[in-house]
Amino acid sequence: MASNQRENERRERKNAKTKKKIKILWILIIAVAAVLVVLKVCEIDFSGLFGSEKEKNNSSYSASSEEEGFPYKIDTGDNTVLSVVGNKLAILSSSNYTVVDASDATELIHDEHRYANPVIKTSGGYSVIFDQGSTSYRLDNQKENIYENSTDDYILCADVSDTGTVAVATASGNQKSRVQVLSKSFGEKMNYEIKGGYVTSIAVDDRGKSVAFVVMSSENAQIKSTLYTMNVNDAEPRAHIDYNGSAVLDIHFVSSALYVVGSDFVSVVSSLEKETVVYEKGSINTLAYCYNPADYLIIGYSDYAGAANSKLAYVKQNGKVKTTVEVDAVIKDVSASGNEMSALTSNEAVSYRLSNGKKETYIKLDDSFTDIQQLSSNIYAKHHSYLEIIND
């Protein structure tokens, strides 16, 4: 305990000394911060199955699964994020990281992380949590913390593979970033420096052998996002693609293909080089997105900002839109299982078949439900300070 206290005090002193430096860093990348905060939408992985159409018309939903350990009390606050690690539910709040069994809410991990700006990424049975703008990150599996590590420079973003390989991007100086890829045993697989901008998004494939990252800069007073792709043993990137005037919200590998989700477009890059445009730049307004257990993209969008209606689409790794459904409201969050995709609006949660768009589940809710997570046959939702099963 004394050792932990000294370490906490040391960290507090270090944070105080570097507070001014952090502020300067975020001023330099204000466009990046705006994207991460203002345009932030959920980046979650999902799994599960569900069957025939069900309907609940209660205007004020109340959970009915107390015997299974739900509703489960969680930390309050808008920053609480729901994710899936393997077949468990992961809950990251501003102060704690918790993993619970999806059937009975038994806690498998419950740690106070002490990160000022925690962000989580998951893949398979692993999660990486990093303190954005600071130097600490941790790798966990479904049941325990594997390690916690520190970087020399400020962390911008990170990702994890199905094998526990971690890719982390840091700010290494004025308009410079560094991308490192480390195996679960800390073996360095890649160390690459980028000049001329800051990395805003990074992805590593399931095997930990390929990496992609987005560098944000400005050109002629306009935001410029550049996507780079490479194998971890390459000396230089295989390809780079520019997205002028658009922000890249997320990149995500599915096998050898890479989804590129922008604020107003979607593309798929195959074999690290060939781009297939799914939605042209400026043709959509991205509202929310996620990836199902097969890593396929589910995206909620509107035709333009401020539109009263939305669409929910299932995009395959070849860039083809398999299924699109109309949603008669503004989508707040999306989730997906192996067979279904779901959307949360201000007054309902609706699930559709991935294969044909047939409505499977309709649940009437109110606007106090803020996030959903689909896992196995259940749909979980964040409701005030509780995590509830809403389709029982």
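As a further point, take the packing of aromatic side chains. Applying the stated criterion to the full structure yields 10 aromatic pairs. Ring geometry for Tyr 137 against Tyr 147: centres 6.2 Å apart, planes inclined by 80°, an arrangement best described as edge-to-face. Of this pair, Tyr 137 sits in strand S10 (residues 136-140) while Tyr 147 sits in strand S11 (residues 145-150), and the two are 10 residues apart along the sequence. A relative accessible area of 1% places Tyr 137 in the buried class. A relative accessible area of 7% places Tyr 147 in the buried class. On the basis of an interplanar angle of 25° and a centroid distance of 5.5 Å, the ring pair of Phe 213 and Tyr 228 is categorised as stacked. Taken as a pair, Phe 213 in strand S17 (residues 210-219) and Tyr 228 in strand S18 (residues 222-231) lie far apart in primary sequence, 15 residues in all.

The subject of this paragraph is unusual backbone geometry. Peptide bonds are trans in most cases, and residues, glycine excluded, mostly fall at negative phi. Going from Phe 70 to Pro 71, the amide bond is cis rather than trans, its omega being 0°. In the Ramachandran plot, Ala 221 falls in the positive-phi region, its phi being about 65° despite a non-glycine side chain. Here Ala 221 shows up in the loop between S17 and S18. Of note in this structure, Ser 271 is not a glycine but carries a positive phi near 50°.

So, about the environment of Asp 140. Residue position: Asp 140 is located in strand S10. A relative accessible area of 0% means that Asp 140 is categorised as buried. Between the C-alpha atoms of Asp 140 and Gly 125, which are 15 residues apart in sequence, the distance is 8.5 Å. For Asp 140, the contacting residues outside a window of four places in its chain are Tyr 97, Ile 109, Gly 125, Tyr 126, Ser 127, Asn 145 and Ile 146. Within the local environment of Asp 140, its side chain forms a polar contact with the side chain of Arg 138, the two groups lying 2.7 Å apart. At a separation of 3.4 Å, a polar atom in the side chain of Asp 140 contacts the side chain of Asn 145.

Cut-offs applied
- Residues numbered from 1 in each chain as written.
- Predicted model: local features only at pLDDT ≥ 70, side-chain atom pairs only at ≥ 80, totals over all residues.
- Heavy atoms only, no water.
- Phe/Tyr/Trp six-rings, centres within 6.5 Å; stacked < 30°, edge-to-face > 60°.
- Helix = DSSP H or I, 4+ residues; strand = E, 2+ residues; numbered from the N terminus.
- Buried < 20%, exposed > 50% of the residue type's maximum accessible area, 1.4 Å probe, protein only.
- Contact = heavy atoms within 4.5 Å.
- Polar contact = N/O pair within 3.5 Å; in protein donor to acceptor, adjacent residues only side chain to side chain.

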